[in-house]
Amino acid sequence: MLKTVAVIVVPNFSMFEFGTACEVFGIDRSDRGSGVPAFDFRVCTPTPGQVPLKSGLSMNVPLGLEATADADLVIMAPFGHDQEVPEPVLEALRAADARGAWVMSICSGAFALARAGLLDGRRCTTHWHYSGQLAASWPLARVDENVLYVQDGNIISSAGTAAGIDACLHLVRVELGAQVAAAIARDMVVPPHRDGGQAQFIDRPMPTCGSAPMEALLRWMVQNLDREHSVNDLAARVHMSPRTFARKFRSETGATPAAWLNSQRVLRAQELLESTDLNIDEVARESGFGHPVLLRHHFAKVLDTSPQSYRRAFRGQLAEAG
């Protein structure tokens, strides 16, 4: 059972993300009649004393890494993702993994787990800003930039900021049950489970291409999302054979024309959901999907959420006919 939680901090750690673990595990809610136990919550660091935060403040941390030795859960707080990690921290993470304890990273804390070798062959995630670097630096790690958190065995990694709350509540749900997780979430005034993943937060500008004719074509396609675009018609616009066009389009965009067009339609739908009061039928038409069933299908495929959930997340409750 989950009783003892140790959070490792190193210089330049992030206050908010560290605070998510404190909020879930560091507050004694055992006297509130909700079934939440009192966790033995510890904050530790390689060299006890004043530890500087990323914000410029500092925090006194009196415990050393021995606090992790019998912890049921060891959490690596986020830090500057490109800074070195003290070897004793890596040893503490490896030791926790070896004895079967839960090991969790929040945001860039995943880089410490990667340096310790704990992500090799495992699914993992981090903030989408850093996921490319994590994947490139540790090719054995199976990095998924689209999820809020992911569990692979006893290793849990989470994306940025509030995703740390999601990961912590997930572990509470696994170890102590849904009612305990819901009680903690209710106390924190957060949902016990959020739909979707961080794909919905990633900024994806329209890519530029190496050739001016192809880039002009892409811009024309974006301006005409409500039209059907066959490979033959698109190839004719840039004076290529369909076969040559299909090959060149994939080489310059990394996708087929149909897949690229649908991704742009999803982007347009996101903009409409964020900035207008159009109902779901109207968003489907304006973004080029035509039918709300197609909109919902591609929204779930690309962003792992629904149009309604996306709108609630980015605009609050709006009147919708869909």
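You'll find the structure just up there.
A brief look at the structure comes next. All of these numbers come straight from a predicted model, not from anything done at the bench. (Residues numbered from 1 in each chain as written. Predicted model: local features only at pLDDT ≥ 70, side-chain atom pairs only at ≥ 80, totals over all residues. Heavy atoms only, no water.)

Some points on the overall build of the chain
The criterion, for reference: Helix and strand assignments come from DSSP, with helices taken as H or I runs of at least 4 residues and strands as E runs of at least 2, each series counted from the N terminus. Under the scheme applied here, a residue whose accessible area is under 20% of the maximum for its type counts as buried, over 50% as exposed, and between as partly exposed, the area being computed with a 1.4 Å probe on protein chains only. What makes two residues a contact is simply this: any of their non-hydrogen atoms within 4.5 Å. Areas reported here follow the Shrake-Rupley algorithm with a probe of radius 1.4 Å; residue values treat only the protein chains shown as occluding. Charge counting treats Lys and Arg as positive and Asp and Glu as negative, with His and both chain ends excluded. We put the charge of a Lys on NZ, of an Arg on CZ, of an Asp on CG and of a Glu on CD.
Counting its secondary structure elements, the chain contains 13 helices and 10 strands. Along the first, second and third principal axes, the C-alpha set of the chain runs to 70 × 45 × 35 Å. A buried classification covers 48% of the 322 residues belonging to the chain. Contacts in the chain between residues at least 24 apart in sequence constitute 61% of all its contacts with a sequence separation of at least 6. Summing over all exposed atoms, the chain offers an accessible surface of approximately 14,800 Å²; the carbon and sulfur share of this is 51%. Counting 30 positive and 35 negative side-chain charges, the chain places the centres of these two groups 7 Å from one another.

What about the pattern of salt bridges?
What counts, and what does not: In what follows, salt bridge is the name for a side-chain nitrogen of Lys or Arg lying within 4 Å of a carboxyl oxygen of Asp or Glu.
Scanning all chains against the criterion turns up eight salt bridges. Arg29 is paired through a salt bridge with Asp187; the nearest N and O atoms lie 2.7 Å apart. Here Arg29 is found in the loop between α1 (15-25) and β2 (40-44), whereas its partner Asp187 is found in helix α6 (residues 178-188), with 158 residues between them in sequence. Owing to a relative accessible area of 2%, Arg29 belongs among the buried residues under this scheme. Here Arg94 ties to Glu87 by a salt bridge, and the two come within 3.0 Å at their closest N and O atoms. Under the relative-accessibility criterion, Glu87 is labelled partly exposed at 39%. One continuous salt-bridge network, built from bridges that share partners, spans Arg29, Arg32 and Asp187.

Concerning the environment of Phe41
One can find Phe41 in strand β2. Remark: the alpha-carbon pair of Phe41 and Ala67, spanning 26 residues in sequence, is separated by 9.7 Å. Excluding residues within four positions of it along the chain, Phe41 makes contact with Val5, Val7, Ala21, Cys22, Phe25 and Gly26.

Concerning helix α7 (residues 212-223)
Basically, it comes down to this: The span you would expect from a helix comes to 1.5 Å times its residue count less one.
The end-to-end C-alpha distance of α7 is 17 Å, a good match for the 16 Å that 12 residues give at a rise of 1.5 Å each. Here the buried face of α7 lies against α8 (231-237), α9 (242-253) and α10 (257-275).

Some details on the nonpolar core
Using the following cut-off: Put simply, a nonpolar core is a bunch of buried Ala, Val, Leu, Ile, Met, Phe, Trp, Tyr and Cys residues held in one set by side-chain atoms that sit within 4.5 Å of each other.
In terms of nonpolar packing, the biggest core is built from 40 residues, with Phe25, Leu73, Ile75 and Met104 touching the most fellow members. Taken together, the elements giving at least two residues each to this core come down to β1 (4-8), α1, β5 (73-76), β6 (102-106), α5 (163-176) and α6. The element best represented in this core is α5, accounting for eight residues. For Met104, the contacting residues outside a window of four places in its chain are Leu73, Val74, Ile75, Met76, Leu113, Ile156, Ala167, Cys168 and Leu171.

Structural notes on the sheet that holds β1
Convention followed: When DSSP finds two or more bridges between two strands, those strands count as paired. Angles run from 0 to 180 degrees between N-to-C directions of axes, and those axes are lines fitted to C-alpha atoms, restricted for helices to the stretch in contact.
As summarised here, the arrangement of the six strands in space is β2-β1-β5-β6-β10-β9, forming an open sheet in which the pairing is mixed. What marks the edges here is a single partner per strand, and that holds for β2 and β9 (149-152). Strand-to-strand twist of the sheet, defined as the mean angle between neighbouring strand axes without regard to direction, takes the value 15°. Of the pairings in the sheet, the one linking β1 to β2 comprises five bridges and is parallel in character. By the bridge assignment, Val7 is partnered in β2 with Val43. Together, β1, β2, β5 and β6 form the strand contacts of α1, whose direction differs from that of β2 by roughly 160°. Against the sheet, helix α2 (residues 87-98) makes contact with β1, β5, β6 and β10 (155-158), and its axis sits at roughly 145° relative to β5, the strand it touches most.

Some details on unusual backbone geometry
In the Ramachandran plot, Cys107 falls in the positive-phi region, its phi being about 55° despite a non-glycine side chain. Despite not being glycine, His239 has its phi angle at roughly 60°, a positive value. On the secondary structure map, His239 appears in the loop between α8 and α9. With a relative accessible area of 74%, His239 lands in the exposed category.

Let's talk about the environment of Leu140
Inspection of the secondary structure assignment puts Leu140 in the loop between α4 (131-137) and β8 (142-143). The class for Leu140 is exposed, based on a relative accessible area of 56%. Measuring from C-alpha to C-alpha, the distance between Leu140 and Arg123 comes to 9.6 Å, with 17 residues separating the pair along the chain. With residues near it in sequence (within four places) discarded, Leu140 still touches Leu119, Asp120, Gly121 and Arg122.

Thoughts on the pairing of β9
In this sheet, β10 lies alongside β9 in antiparallel orientation, the contact comprising four bridges. Bridge pairing in β10 places Tyr149 opposite Ser158. In this structure, the hairpin formed by β9 and β10 is closed by a connection of two residues, where Gly153 is found at a positive phi of approximately 65°.

What to know about the packing of α1 against α5
Short version of the rule: Convention used here: angles under 35 degrees read as roughly parallel, angles over 145 as roughly antiparallel, angles from 65 to 115 as roughly perpendicular, and any remaining angle as oblique. Crossing handedness follows the turn of the near helix against the far one: under a right angle anticlockwise gives a left-handed crossing, and clockwise gives a right-handed one.
For the pair α1 and α5, interaxial distance at closest approach is 9 Å and the crossing angle is 30°. One finds that α1 runs roughly parallel with respect to α5. In the packing of α1 onto α5, the handedness of the crossing is right-handed. For the pair α1 and α5, the contacting residues are Thr20, Ala21, Val24 and Phe25 in the first and Gly164, Ile165, Cys168, Leu169 and Val172 in the second.

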